[in-house]
Amino acid sequence: MDINKRIDKYKLNPAQILVLGFASVILMGGILLSLPIASNNGHSVGFINAIFTATSAVCVTGLVVVDTGTYWTVFGQTVIILLIQIGGLGFMTMATFFAIIFGKKITLRERLVMQEALNQFNISGIVRLTQYVLITTFTIEGVGALLLSFKFIPMYGISKGIGLSIFHAISAFCNAGFDLIGGFRSLTPFADDLLINVVICFLIITGGLGFTVIVEILQKRNFKKFSLHAKLVLYITGILLLLGFVAVFILEYNNPDTLGKLTFKGKLLSAMFHSVTPRTAGFNTLPTDKLTTATIFITMVFMLIGGSSGSTAGGVKTTTAGVIVWTIISIIKGKDDTEVFNRRIPRDIINRSLAVVGIAMLLVIFVTMILSITEKGHSFIEIFFEATSAFGTVGLSLGITPKLTWIGKIVLSLTMFAGRVGPLTIALALARQQQKNKGLIKYPEERVIVG
């Protein structure tokens, strides 16, 4: 009640509450990770490094300045995985989880914030949807952890194997990309392992589809009955996965540092994995810094697109990119409306999509420019890749993250934060402003020459 009174006092809207909520969780995580008990050497990692790691965890990115598997103690690793779970589901979803457990009533204001957090159009059924989200998430993560344990327990023993299974299942479903393998290797030791590749890819894809899409799949089980949003998400996700697989398989087939040294099964698995992971997951079975320039560029495009709205993934989102592509196609065909699956996309959705992509590109360009000034000794492609990865909350890197200056770490922390809460918040803010301005004075229309 005190929090609600404070919110009412300062008249914070749902978007502002979300931003402050994420920032509070990051600050709390940063304080815990800066404690000596969190690091194996018994010394504090430093507040900036702790905040960077906490931001990367809460924003489910995966960029790290120290090796997660060897630097942090069990306490530090537990803090990181809790931050990932909170960041993936959203702090309001986790707050609802505890409210349901303790029988607390969900207020109208809290439902409005939940609506914003889950990117829903209306408040009806928002608590029930949140319950579905929680049950589905814990079930999928549980099944993923169980399957991974068949590999990790024989390798690391029962206690450590179970811990690794749970950690990687949560990290994969939340599209975080943190790993405990050690040595900044991610999952490269398992490039030829069928179980690890399939399970991790399944968790990444499922987490990146979006909670509403998962619920629709489980309830309706018929593509024709799905909403336009669900159809777009599944269609675009399928296209991107197929294009990514083919591109990586062809471009890296003879590269001796990546696919060239693997068996044919390993080539197929690694190409599949790398078509999945740039969609904001951050794991890698191929050494990212050894990829060809063409593959690196394609990876950056995929990182910018990201996953789907209302999911654990980042980026501008698949539906946003899809709306813009279909709008371009409609213009080329001479149509006045953007039509997809026999449905017409409203003009305000198209405008918001353009705004989100435009803001994203401008932000990545700006961050790249800043990093090119502060981070000496790194190539442009390394810096551009790092900025794109941070905004898309991906976590893939060409190896420069641990070498960043303190300014670079702060800039990337802000970029990860903007990538996690920015585009969605901006899009919804534009929608509210548009509703507010309806019926006001409209200026005369006049054409300008474009193209």
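Once a new chain begins, its residue numbering starts again from 1 and follows that chain's sequence as written. Local features are withheld for residues below a pLDDT of 70 in this predicted model, meaning they are given only at 70 or higher, and side-chain atom pairs are given and counted only at 80 or more; totals for whole chains, interfaces and linings count all residues. Side-chain descriptors were evaluated using all non-hydrogen atoms of the structure, hydrogens and water having been removed beforehand.

Structural notes on the packing of helix H12 (residues 228-252) against helix H15 (residues 318-332)
Consideration 1: Helix axes use the C-alpha atoms of the stretch in contact, all axes being lines fitted to C-alpha atoms, and the angles between their N-to-C directions lie in the range 0 to 180 degrees. For the purposes of this entry, the term helix denotes a DSSP run of H or I that reaches at least four residues, the term strand denotes a run of E that reaches at least two, and both are numbered from the N terminus. The contact between H12 and H15 brings their axes to 9 Å, and the two run at 90°. In this view, H12 runs roughly perpendicular relative to H15, as classed from their interaxial angle. For the pair formed by H12 and H15, the contact residues are His229, Leu232, Val233, Tyr235, Ile236, Thr237 and Leu240 on the first element and Thr318, Thr319, Gly322 and Trp326 on the second.
Consideration 2: Nonpolar residues are Ala, Val, Leu, Ile, Met, Phe, Trp, Tyr, Cys and Pro. Charged residues are Asp, Glu, Lys and Arg, and all others, Gly as well, are polar. Tallied by class, residues from the contact of H12 with H15 come to six nonpolar, five polar and no charged. Roughly parallel here means an angle under 35 degrees, roughly antiparallel means over 145, roughly perpendicular means 65 to 115, and every remaining angle is called oblique. Any two residues having at least one pair of non-hydrogen atoms within 4.5 Å are treated as being in contact.

Description of the nonpolar core
Consideration 1: Take the buried Ala, Val, Leu, Ile, Met, Phe, Trp, Tyr and Cys residues and link them wherever side-chain atoms come within 4.5 Å; each set so joined is a nonpolar core. Using a 1.4 Å probe on the protein chains alone, a residue whose accessible area is under 20% of its type maximum counts as buried, one over 50% counts as exposed, and one in between counts as partly exposed. Counting residues in hydrophobic clusters, the biggest one holds 77 residues, and the most contacted among them are Ile84 and Ile200.
Consideration 2: Sequence-distant contacts of isoleucine 200, that is, excluding residues within four places in its chain, are made with Leu148, His168, Ala172, Leu187, Phe273 and Phe283.

Quick word on helix H11 (residues 211-220)
Consideration 1: Looking at H11, one finds that the buried residues are Phe211, Thr212, Val213, Ile214, Val215 and Glu216.
Consideration 2: Arginine 221 sits one or two residues past H11 and shows a positive phi near 55°.

Observations concerning the environment of leucine 27
Consideration 1: Relative to the helices and strands, leucine 27 is located in helix H2 (residues 14-33).
Consideration 2: With 27 residues separating them in the primary sequence, leucine 27 and alanine 54 have C-alpha atoms 7.6 Å apart.
Consideration 3: When residues no more than four places from it in sequence are discounted, the contact partners of leucine 27 are Phe47 and Ile51.

Considering a nonpolar patch on the surface
Consideration 1: Residues enter a patch when their relative accessible area is above 30% and they make no salt bridge; the linking distance is 9 Å between like charges and 5 Å between nonpolar side chains (Val, Leu, Ile, Met, Phe, Trp, Tyr). For accessible areas, the Shrake-Rupley method is used with a probe of radius 1.4 Å. Any residue's cover is judged against the shown protein chains and nothing else. Criterion for a salt bridge: a side-chain nitrogen of Lys or Arg within 4 Å of a carboxyl oxygen of Asp or Glu. Where nonpolar side chains cluster on the molecular surface, the patch consists of Met28, Leu32, Leu35, Ile37 and Phe75 and spans about 430 Å² of accessible area.
Consideration 2: Relative to the helices and strands, leucine 32 is located in helix H2.

Considering the environment of isoleucine 140
Consideration 1: In this structure, isoleucine 140 sits in helix H8 (residues 126-156).
Consideration 2: For isoleucine 140, a relative accessible area of 14% gives the class buried.
Consideration 3: In contact with isoleucine 140, other than residues within four places in its own chain, are Phe173, Phe202, Leu203 and Thr206.

Section: the packing of aromatic side chains
Consideration 1: When the centres of two rings from Phe, Tyr and Trp lie within 6.5 Å, Trp using its six-membered ring, the rings pair. Their planes under 30 degrees apart give stacked, over 60 give edge-to-face, and anything left gives tilted. For the coordinates displayed, the defined rule picks out eleven aromatic pairs.
Consideration 2: For the pair phenylalanine 152 and phenylalanine 190, a centre-to-centre distance of 5.9 Å together with 85° between the ring planes defines the contact as edge-to-face. On the criterion of sequence distance, the pair formed by phenylalanine 152 in helix H8 and phenylalanine 190 in the loop between helix H9 (158-173) and helix H10 (194-209) is long-range, its members being 38 residues apart.
Consideration 3: Under the relative-accessibility criterion, phenylalanine 152 is labelled buried at 1%.
Consideration 4: Measuring from ring centre to ring centre gives 6.0 Å for phenylalanine 223 and phenylalanine 226, while their planes differ by 65°; the resulting arrangement is edge-to-face.
Consideration 5: Ring-pair connections join several aromatic residues into one group, and the members of that group are Phe223, Phe226, Tyr235, Trp326 and Phe341.
Consideration 6: Between the NZ or CZ atom of lysine 267 and the centre of the ring of tyrosine 253, over which it lies, the distance is 4.5 Å. By the criterion adopted, a ring carries a charge over it if an Arg CZ or a Lys NZ lies within 6 Å of its centre and within 35 degrees of its normal.

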